[in-house]
Amino acid sequence: AVVQAPPAAAPAATVTPAIVDFGGQTVGSTGAAKTVTVTSTGTAPLTIASIALTGANPGDFVTSSDGCANQVLGAGASCTITLHFTPAAAGPRAAALTVTASPGGSLNVPLSGTGL
């Protein structure tokens, strides 16, 4: 009989929602908060190394609450990040929330809104 080793444990993650649209917001004013949930979907612990705002207009978005950075998520565990949008100029504004996990690379959540 051939004995097979069990599959190696592997960390993995998902983010919900996959895209965050803040809609229209008056220039210079802060809109309602939106949350992003990071869930560990793998079979090994996942370490959230960092959270960053990147892209074209990262200054228009802010993380007002970050329950994920430097967290170790066991399988099935999750954490949340709360974001706000304060457009600096009129028109379409965009950025990305980049969640870097170790091991596992990074996940990007596109952020968008319109300055009114």
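It should be noted that the structure appears before, not after, this text.
Residues numbered from 1 in each chain as written. Predicted model: local features only at pLDDT ≥ 70, side-chain atom pairs only at ≥ 80, totals over all residues. Heavy atoms only, no water.

Asks: Explain the pairing of strand E8 (residues 91-102) to me, and be specific about the residues and the numbers.
Replies: As judged from the 7 bridges shared by strand E4 (residues 46-54) and E8, these two strands associate in the antiparallel manner. Paired with Ile 51 across the strands is Val 99, a residue of E8. As paired elements, E8 and strand E9 (residues 105-115) share 11 bridges and run antiparallel to each other. Residue pairing for E9: Ala 96 is matched across the bridge by Pro 110. (Pairing = 2+ DSSP bridges. Helix = DSSP H or I, 4+ residues; strand = E, 2+ residues; numbered from the N terminus.)

Asks: Report on the sheet that holds strand E5 (residues 61-66), specifying residues and quantitative values.
Replies: Whenever strands of a sheet pair, they do so through backbone hydrogen bonds, lying parallel or antiparallel. An order of E1-E3-E7-E5 is seen for the 4 strands of this open sheet, with the pairing classed as antiparallel. Of all strands in the sheet, those with a lone pairing partner are strand E1 (13-16) and E5, marking the two edges. The average angle at which neighbouring strand axes cross in this sheet is 25°, direction not considered. Bridge analysis of E5 against strand E7 (residues 78-85) gives 5 bridges, and the strand direction is antiparallel. Each residue of the ladder has a partner; that of Asp 66, found in E7, is Ile 81. (Axes fitted to C-alpha atoms, helices over the stretch in contact; angles between N-to-C directions.)

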